[in-house]
Amino acid sequence: GAVVSQHPSWVICKSGTSVKIECRSLDFQATTMFWYRQFPKQSLMLMATSNEGSKATYEQGVEKDKFLINHASLTLSTLTVTSAHPEDSSFYICSARDLAGVRNEQFFGPGTRLTVL
Amino acid sequence: KQEVTQIPAALSVPEGENLVLNCSFTDSAIYNLQWFRQDPGKGLTSLLLIQSSQREQTSGRLNASLDKSSGRSTLYIAASQPGDSATYLCAVIKVGTGTASKLTFGTGTRLQVTL
């Protein structure tokens, strides 16, 4: 089956530092990847849509200068949380859509737990 | 704006029971509907995907149905086991979103299966 990995699985950082999270599709190509954040006991909130070779599309209310997204290849997208603050602490999950698939199915990574001190 | 609601929000059942999770959506113009499972602190695992032209999908003890006209889907779990304990999420993709394929998630149902 389609596998999506994320790295790191968890990270703790000091306030003001930047953190990069990687999302990889391991056995399929994805022109489109999605970044979500999830607060405790809540559902997933879409942050942005990452398109290979072009700029990401951000959802309303998401600061594009704070959450930098790069989708440099068909198997890798990165999310960089710049100048992180405690309120950025959350669970970040990426997903990827199989380019060859006809069902528009999305596959999700295992998530990255970010804690900003 | 598409809104997806799941009922109940939480459910506790004894092992062996059959159970039904409900998902409703306000805009019936969907491309497909997916059911996911999320374990605490983990990502999402895709369980079943139903295309808009389909009425149901089955995988093992799971059966998902879709009634697009009424904006409803159900996930049926047969002979529940403690290992089924997790949060179950449904999500829809709206027609016309093309390659964007943005999923709109439901609020989730937290299931606990007790011994």
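Before reading further, recall that the structure is shown in the block above.
Just so it is clear, the structure is predicted and the values come from calculations on it, not from any experiment. Counting restarts for each chain, with residues numbered from 1 along the sequence as it is written. For this description, chains carry letters from A and ligands carry numbers from 1, given in the order in which they are written. Whole-chain, interface and lining totals are the exception, using all residues; otherwise, since this is a predicted model, local features are given only for residues with pLDDT of at least 70 and side-chain atom pairs are given and counted only at 80 or more. Hydrogens and water are ignored here; the side-chain numbers use all heavy atoms of the structure.

Novice: How should I be thinking about the overall build of chain A in this particular structure?
Specialist: In DSSP terms, a helix is any run of H or I states spanning at least four residues, a strand is any run of E spanning at least two, and both are numbered starting from the N terminus. Along its length, chain A carries 0 helices and 11 strands. Values of the radius of gyration come from C-alpha atoms, whereas the globule rule sets the reference at 2.2 Å times the count of residues to the power 0.38. In terms of C-alpha radius of gyration, chain A reaches 13 Å, essentially the compact-globule figure of 13 Å for 117 residues. Counting only C-alpha atoms and orienting by the principal axes, one finds that chain A spans roughly 40 × 25 × 20 Å. Working definition: with a 1.4 Å probe on protein chains only, accessible area under 20% of the residue-type maximum means buried, over 50% means exposed, and in between means partly exposed. Put simply, chain A has 117 residues, and 50% of those count as buried. Residues count as neighbours in contact if any of their non-hydrogen atoms are within 4.5 Å of one another. Within chain A, contacts between residues separated by at least 24 positions form 55% of all contacts whose residues are at least 6 apart in sequence. Note on areas: these come from Shrake-Rupley sampling with a 1.4 Å probe, and a residue is covered only by the protein chains present in the view. Looking at chain A as shown, the accessible area adds up to about 5700 Å², and 54% of this sits on carbon and sulfur atoms.

Novice: Teacher, can you tell me more about the side chain of D84 of chain B here?
Specialist: By secondary structure assignment, the location of D84 of chain B is in the loop between β8 (72-77) and β9 (86-94). What makes D84 of chain B buried here is its relative accessible area of 7%.

Novice: Mind showing me how you'd approach the sheet that holds strand β6 (residues 56-59) of chain B here?
Specialist: Strand pairing in a sheet relies on backbone hydrogen bonds, with the paired strands running either antiparallel or parallel. Residue and element names in this part refer to chain B. Here the rule is simple: two strands pair whenever DSSP picks up at least two bridges between them. Strand order in the open sheet formed by 5 strands is β1-β3-β8-β7-β6, with antiparallel pairing between adjacent strands. The sheet is open, and its two edges are formed by β1 (4-7) and β6, each paired on a single side. Averaged over neighbouring strand pairs, the angle between their axes works out to 15° when direction is ignored. Alignment of β1 against strand β3 (residues 19-25), held across 4 bridges, turns out to be antiparallel. When the bridges of β3 are listed, Q6 appears paired with C23. In this description, a line fitted to the C-alpha atoms serves as the axis of each element, helices being fitted only across the stretch in contact, and the angle between N-to-C directions of two axes falls anywhere from 0 to 180 degrees.

Novice: Mind showing me how you'd approach the pattern of salt bridges here?
Specialist: Side chains that differ in charge, positive against negative, can pair when their charged atoms come close. What makes a salt bridge here is a side-chain nitrogen of Lys or Arg within 4 Å of a carboxyl oxygen of Asp or Glu, nothing more. The full count for this structure, using the stated rule, is 5 salt bridges over all chains. Put simply, K66 of chain A and D88 of chain A hold a salt bridge, and the shortest N to O gap is 2.9 Å. Remark: D88 of chain A occurs in the loop between β8 (76-81) and β9 (90-97) and K66 of chain A occurs in the loop between β6 (57-58) and β7 (67-73); sequence separation between them is 22 residues. Here R37 of chain B makes a salt bridge to D39 of chain B, at a shortest N to O gap of 3.0 Å. With a relative accessible area of 16%, R37 of chain B lands in the buried category. We classify D39 of chain B as partly exposed; its relative accessible area is 25%.

Novice: Quick question: what am I supposed to make of the packing of aromatic side chains here?
Specialist: How two aromatic rings sit relative to each other is set out by the distance from centre to centre and by the angle between their planes. Working definition: a ring pair exists when centres of Phe, Tyr or Trp rings (six-membered ring for Trp) sit within 6.5 Å. Plane angles under 30 degrees give stacked, over 60 give edge-to-face, the rest tilted. Scanning all chains against the criterion turns up 7 aromatic pairs over all chains. Taking the centre distance of 5.6 Å and the plane angle of 85° together, the rings of Y36 of chain A and F105 of chain B count as edge-to-face. Placement of Y36 of chain A in strand β4 (residues 32-38) and of F105 of chain B in strand β10 (residues 103-105) is noted, with the two residues assigned to different chains. On the basis of relative accessible area, F105 of chain B is assigned to the buried category, the value being 10%. Ring-pair connections join several aromatic residues into one group, and the members of that group are Y36 and F108 of chain A together with F36 and F105 of chain B.

Novice: What is the right way to look at the state of the cysteines in this model?
Specialist: As used here, a disulfide is simply a covalent bond connecting the sulfur atoms of two cysteines. Two cysteine sulfur atoms form a disulfide, by the criterion used here, when they sit within 2.5 Å. As enumerated under the stated definition, the model contains 2 disulfides over all chains in all. Across the disulfide, C23 of chain A is cross-linked to C94 of chain A (sulfur-sulfur distance 2.0 Å). Measuring handedness by torsion sign, the sulfur bridge of C23 of chain A and C94 of chain A sits at about 80° and is right-handed. Taken together, the positions of C23 of chain A in strand β3 (residues 19-25) and C94 of chain A in strand β9 put the pair 71 residues apart, joining distant regions of the chain. With a sulfur-sulfur separation of 2.0 Å, C23 of chain B is cross-linked through a disulfide to C90 of chain B. Every disulfide takes its handedness from the sign of the S-S torsion; for C23 of chain B and C90 of chain B that torsion is 75°, giving right-handed. Placement of the pair is C23 of chain B in strand β3 and C90 of chain B in strand β9, with a sequence separation of 67 residues. C90 of chain B carries the same exposure label as C23 of chain B, and that label is buried. Of the cysteine sulfurs around C13 of chain A, a residue in no disulfide, the closest is that of C94 of chain A, at 18 Å.

Geometry only, nothing functional implied.
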